[in-house]
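Residues per chain, in single letters:
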Amino acid sequence: MTEKHEKLLADLELRLHQLMYLCDSLKAENQSLKVRLEAKDGEINRVSSVLEELNQKYNDLMFANTLTGTGSDGVEEAKSRLNKLVQEVDKCIALLKI
C-alpha cells in the first residue's frame, strides 16, 4: 500500500469511529426521550383523572346549589335540572327494557 492509501484508510477509520460515536449518542438521546415521553404520558393521565374528578365535584356542587336555591332563579333552575335528570333516568330505563 502506498502512503496515500494508508492515509485514506486512516481517514476512513477515523470517520467510522466518529459515525459510531454519533450513532451511540443518538441512541442514548432517543432512549432518554422515550423515558421522558413515558413520564409525560403518565403525568397527562394523572392530570386527566384529576380533571375528571374535579369536573364531577363541580357538577355535584352546581346541582346542590340548584337544589338549595342559592342561584337567582333557584326554583326554576331546580325544576329544569330535575326534569333533565328524570328524562335521563327514563332513557336509561327504556334502554334496559330493550
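The structure presented is a predicted model; accordingly, all values stated were derived computationally and were not measured. (Residues numbered from 1 in each chain as written. Predicted model: local features only at pLDDT ≥ 70, side-chain atom pairs only at ≥ 80, totals over all residues. Heavy atoms only, no water.)

Asks: Where do I start with the pattern of salt bridges in this structure?
Replies: Oppositely charged side chains may form a pair once their charged atoms are brought near each other. Within the structure shown, the criterion is met by three salt bridges. With its nearest N and O atoms 3.4 Å apart, the salt bridge here joins Lys57 to Glu53. With Lys57 and Glu53 both in helix α1 (residues 3–68) and four residues apart, this pair spans about one turn of that helix. Residue classification places Lys57 among the partly exposed positions, given a relative accessible area of 49%. (Salt bridge = Lys/Arg side-chain N within 4 Å of Asp/Glu carboxyl O. Helix = DSSP H or I, 4+ residues; strand = E, 2+ residues; numbered from the N terminus. Buried < 20%, exposed > 50% of the residue type's maximum accessible area, 1.4 Å probe, protein only.)

Asks: Is there a simple way to think about a nonpolar patch on the surface in this case?
Replies: A cluster of nonpolar residues, Leu9, Leu12, Leu16, Leu19, Leu22 and Leu26, forms a patch on the protein surface that exposes about 570 Å² of accessible area. On the basis of relative accessible area, Leu26 is assigned to the partly exposed category, the value being 46%. (Patch = residues over 30% accessible without salt bridge, like charges linked within 9 Å, V, L, I, M, F, W, Y side chains within 5 Å. Areas by Shrake-Rupley, 256 points an atom, 1.4 Å probe, with all protein chains shown as cover.)

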